[in-house]
Amino acid sequence: MSMKFLMGNEAIGLGALHAGVNLVAGYPGTPSTEVLETVAKYRKEINPDVYVEWSVNEKAALEVAAGASYAGARTMVTMKQVGMNVASDPLMCLAYMGIKGGMVLVVADDPGPISSQTEQDTRAFASYCKLPVFDPTSPEEAYCMIQAAFEYSEKYETPVLFRPTTRVCHGCASVQVADGIRIHQPEGFIKDTSKWVIFPRTAYQNHLKIVDRNPEIGEDFSQNRYNQLSGTGKKGIAAGGISYIYAMETLSQETEMPCKMMKVATPYPFPESLALEFLDGLDEVLCLEELDPVIERELIYLCGKHHLNVVIKGKQTGNTASAGEYTVESVKKYIQDFLGAESLKKAGITENLVVPELPQLPVRPPVLCAGCPHRASFYAVKQAMKGKKAVFSGDIGCYTLGNAAPLDMVDTCLCMGAGITMAQGLHRVEPDAVNFAFIGDSTFFASGMTGIVNAVYNETDIILIVLDNATTAMTGHQVHPGTGKTMMGNIVDKISIEKILKAIGIQSVETVDPLALDQAIAAVESAASKKGVKAIIFQSPCVALIKPAQKMQVDADRCIHCKKCIKELGCPAIVKNDDGGAEIDPSLCYGCGICTYLCPVNAISTGKQGGADHE
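Description of the structure in this document. These numbers come from a predicted model, not from an experiment.

About the criteria used
Residues numbered from 1 in each chain as written. Predicted model: local features only at pLDDT ≥ 70, side-chain atom pairs only at ≥ 80, totals over all residues. Heavy atoms only, no water. Pairing = 2+ DSSP bridges. Helix = DSSP H or I, 4+ residues; strand = E, 2+ residues; numbered from the N terminus. Axes fitted to C-alpha atoms, helices over the stretch in contact; angles between N-to-C directions. Contact = heavy atoms within 4.5 Å. Core = buried A, V, L, I, M, F, W, Y, C linked by side-chain atoms within 4.5 Å. Buried < 20%, exposed > 50% of the residue type's maximum accessible area, 1.4 Å probe, protein only. Right-handed = clockwise from strand over helix to strand, strands pointing away. Phe/Tyr/Trp six-rings, centres within 6.5 Å; stacked < 30°, edge-to-face > 60°.

## As for the sheet that holds strand S17 (residues 508-512)
The strands making up a sheet associate through hydrogen bonds between their backbones, and the pairing can be parallel or antiparallel. Spatial ordering of the open sheet is given by S14-S15-S16-S18-S17, a layout of five strands whose pairing is parallel. On the outer flanks of this sheet lie strand S14 (390-393) and S17, each paired with one strand and no other. Averaged over all adjacent pairs, the angle separating strand axes in this sheet is 20 degrees, with direction ignored. Direction of pairing for S17 relative to strand S18 (residues 534-539): parallel, over a ladder of five bridges. Counterpart to Glu510 in the pairing with S18 is Ile536. On the sheet, helix H15 (residues 373-384) packs against S14, strand S15 (434-440), strand S16 (463-468) and S18 and is oriented at approximately 160 degrees with respect to S16.

## Let's talk about the nonpolar core
In this structure, Val381, Phe436 and Leu501 are the most contacted members of the largest nonpolar core, which totals 66 residues. Residue contacts for Val381: discarding those within four places in its chain leaves Phe392, Met409, Phe436, Phe438, Ile465, Val524 and Phe538. Counting 39 residues, the second-largest nonpolar core is a separate cluster that includes Ala19, Val106, Phe134 and Tyr156.

## Some details on the pairing of S15
The buried count for S15 comes to seven of seven residues, which makes it a mostly enclosed element. A two-sided burial pattern is seen for S15, the buried positions comprising Val434, Phe436, Phe438 and Gly440 on one face and Asn435, Ala437 and Ile439 on the other. Pairing geometry for S14 and S15, over four bridges, is parallel. Looking at the pairing, Phe392 lines up with Phe436 of S15. As a crossover connection, the stretch from S14 through helix H16 (residues 418-429) into S15 is right-handed. Examined bridge by bridge, S15 and S16 share five bridges and lie parallel to one another. For Ala437, the partnering residue across the bridge sits in S16 and is Leu464. Read from S15 through helix H17 (residues 441-457) to S16, the crossover connection turns out right-handed.

## A short note on the packing of aromatic side chains
Summed over the entire model, instances satisfying the criterion amount to 13 aromatic pairs. On the numbers, 6.2 Å between centres and 20 degrees between planes, the contact of Tyr152 with Tyr156 is stacked. You can see Tyr152 and its partner Tyr156 sitting in helix H6 (residues 139-156), four residues apart, about one turn around the helix. Of the residues examined, Tyr152 reaches a relative accessible area of 12% and is grouped as buried.

## Some words on the sheet that holds strand S12 (residues 284-288)
Read across the open sheet, the five strands follow the order S9-S11-S10-S12-S13; overall the sheet is mixed. The sheet terminates laterally at strand S9 (228-230) and strand S13 (311-313), the two strands that pair on one side only. Put simply, the sheet's adjacent strands are angled 20 degrees from each other on average, direction ignored. As paired elements, S12 and S13 share three bridges and run parallel to each other. Each bridged residue has a counterpart across the sheet, and for Glu284 the counterpart in S13 is Val311. On top of the sheet, helix H10 (residues 242-251) reaches S9, strand S10 (235-239), strand S11 (260-263) and S12; it is set at about 155 degrees to S11, its chief contact.

## Things to note about the pairing of S11
Every second residue of S11 is oriented toward a common face, with Lys260 and Met262 on one face and Met261 and Lys263 on the other, all of them buried. The pairing of S9 with S11 spans three bridges and is classified as antiparallel. By the bridge assignment for S11, Gln228 is matched with Lys263. The sheet contact formed by S10 and S11 spans four bridges and is parallel. Each residue of the ladder has a partner; that of Ile237, found in S11, is Met261.

Purely spatial values, then, with no claim about function.
Now the structure itself:
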């Protein structure tokens, strides 16, 4: 064994490699992204035969993994919680069909939410699709638990969900890792249509098997080493995930805790026998868990089922927050309110549990990076549509930030790919408006093409804007089919968005550099004058992929203090100086030059005499 300082996601990736995983597929999404990237980073030194890919979306990733699992390979699929919605179709079928090689779905939940559309809880999804779920409390535990998840998957021939939350994913710890690894050799695919082809009769029979199987798994989980009981008393605390760690920071200051404690690491199927042992002799229980009251509901159900006179407190009783992340301080407050300060004092816990008043953080709204080509794209569309009735449907990615002032160019944003189809619905109700749909290059491949086919087939009058910055920027610049690289490091032909659009049947497709603002505006005006589906590909690389160009400067003598460059662009590199004029921060400027188009007196330039010539 050796010690490594690892992020939680790194611990999960290494744990999977040490468990003998053969194939890993996924789609990037914070807070899950680094799991797959860790496998890609270490596979050559640990097991070069491991295959890893960024799939076009979560559904594709799960189906790739399912095929490999049917052939006996150990597989892992990575995604964030909203990705589970995309993968739910094959997942529900796999829950009924079962698998052969161990299959673990790492689905990272995002309480807060910090970088997501929803706060949905994967534990609740596990109950819905009747699949076992593991809920690690720390990076150290995640490393070991992911290996146990593979064992359970193969033991019960079922996919297993693995649900780390943001603080487990991104927290760092010293983790003891194995020196040796398990090499898993797939048996290969054995034809058996009664097992691998889903028919209604097969689904019915397998559903009955799942109903019989899950109580057995729950009993098995009651003996699982990750589920633990400790402490004594008439009051109890049940906790899972990072909330358990927060609770123990308060309660484990002494060897004897002032209450009973139950750690729930496998919330579904619920470890009923262990929970009944925990409830025995208790008067009341406080449940500590992020997002849904999963543990709370299970304990309430058991109290009713077994006629136990125990009061269960938590989210549903208003004793803990029903949304958002927990913190060490908030959990301390919940525990103090539940146990009472006097009880804690008698137990020797004398630390001040009053949540301190934290200083107010400075307001820092999310903003497009200085030099981001999306700013130029949005500005070009805005200028072309001045005085016209237009609706701008956005999508998931960096470009969602186009909703902020002063651009104000994202009127709707629902989920990945929805901007294209929502624009079609908007057009049907208000055909007099010009309806735009913005989508990024990675999202185009992930979930955009179906909506475009729908628009062309149904003869919808919309303008599609593909914001192609040559990467999956929002989640850390991962590769996608349009980049010409794979996660295995292979150089492949780039899949052309323009050719796809033309093949779908769009007659008007134009590719423009948005930083050439005059041409970009003209392209939008031209598209707006045509009927049917029109497409503009604004193609310019993300600033994180390129070196800065020559930086812009403001000629103070020419500047008339109109602040047009500040008010219309919202570029973080352009600020107001002490004299009330504009100034460009050279540490932020990427030299995109868009600001030179705006200045009415040519006061912005690369520093050359005479300034820029854009009016």
